[in-house]
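Notes for the structure review
Letter by letter, the chains look like this.
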Amino acid sequence: MGPLLRCKWVYKAKMDANGDLIKRKSRIVVRGDMQGEDTYDDTFSPTSRPEVFRTLVSIATQESMWLKQLDIQGAFLSAHVDRDNIYMAAPPGYEAMVPRGKCLRLKRSLYGLKQASHLYHKELKTWLLDYGFQAVNDEGTLFRYERN
């Protein structure tokens, strides 16, 4: 078991163009700087190179193709943790809900874990391949789908 990870709340206020408050947001963030090396295998997560993006847009333009982009809300929160030894103390304000001498075992990734982006990319890649997408050689973030 690695060290017991602490966490903290991060608060953000969303404002409109006039500076008026639209909504308040909060999220829990794990102190990944406290993680021991025995709690993760890999932290690498590929990113797209600009020349790949420009090439993709150029081909789509020449072939009159549609490109779609999406943003996955809470992406890091959806990935399953691949280790059983990541433990976190109760978040500030929730200590009374966790019995004395107990802690929380993470089953899913949280913001702040060193391997969060790696776990998410691994899960997304598995999903894309399962649904018939094909990985493009030498580019870890580019997948293609051919309709029959």
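Right above here is the structure, for reference.
Here goes a summary of the coordinates provided. (Residues numbered from 1 in each chain as written. Predicted model: local features only at pLDDT ≥ 70, side-chain atom pairs only at ≥ 80, totals over all residues. Heavy atoms only, no water.)

**Comments concerning the side chain of Gln35**
Selection rule: Under the scheme used here, helices are H or I runs from DSSP no shorter than 4 residues and strands are E runs no shorter than 2 residues, and both carry numbers assigned from the N terminus. Contacts described as polar in this section are N or O atom pairs within 3.5 Å, which, within protein, must combine one atom able to donate a hydrogen with one able to accept it, while residues neighboring in sequence count only if both atoms come from side chains.
You can see Gln35 is positioned in the loop between β2 (21–30) and α1 (50–62). A polar contact of 2.8 Å, which involves the side chain of Gln35, links it to the backbone nitrogen of Lys114. Within polar-contact distance, the side chain of Gln35 engages the side chain of Gln115 at 2.9 Å.

**Some thoughts on a nonpolar patch on the surface**
Let me state the cut-off plainly: Each patch groups residues whose relative accessible area exceeds 30% and which form no salt bridge, using 9 Å between like charges and 5 Å between nonpolar side chains of Val, Leu, Ile, Met, Phe, Trp and Tyr. Working definition of accessibility: Shrake-Rupley area with a 1.4 Å probe, residue cover restricted to the visible protein chains. Every case where a carboxyl oxygen of Asp or Glu lies within 4 Å of a side-chain nitrogen of Lys or Arg is listed as a salt bridge. Per-residue accessibility, obtained with a 1.4 Å probe over protein chains only, is compared with the maximum for each type, and a residue is labelled buried under 20%, exposed over 50%, and partly exposed between these values.
Residues Phe53, Leu56, Val57 and Leu67 make up a contiguous nonpolar surface patch of about 340 Å² in total accessible area. With respect to the helices and strands, Leu56 occurs in helix α1. On the basis of relative accessible area, Leu56 is assigned to the partly exposed category, the value being 34%.

**A short note on a positive patch on the surface**
Rule in force here: When charges are tallied, Lys and Arg are placed among the positive residues and Asp and Glu among the negative ones, while His and the ends of the chain are skipped. Think of each charge as sitting on NZ of Lys, CZ of Arg, CG of Asp or CD of Glu.
Together, Lys12, Lys14, Lys23, Lys25 and Arg27 make up a positively charged patch on the protein surface. Only β1 (7–15) and β2 provide two or more residues apiece to the positive patch. For the positive patch, the element with the most residues is β2, which contributes three residues. Turning to its location among the elements, Lys23 is positioned in strand β2.

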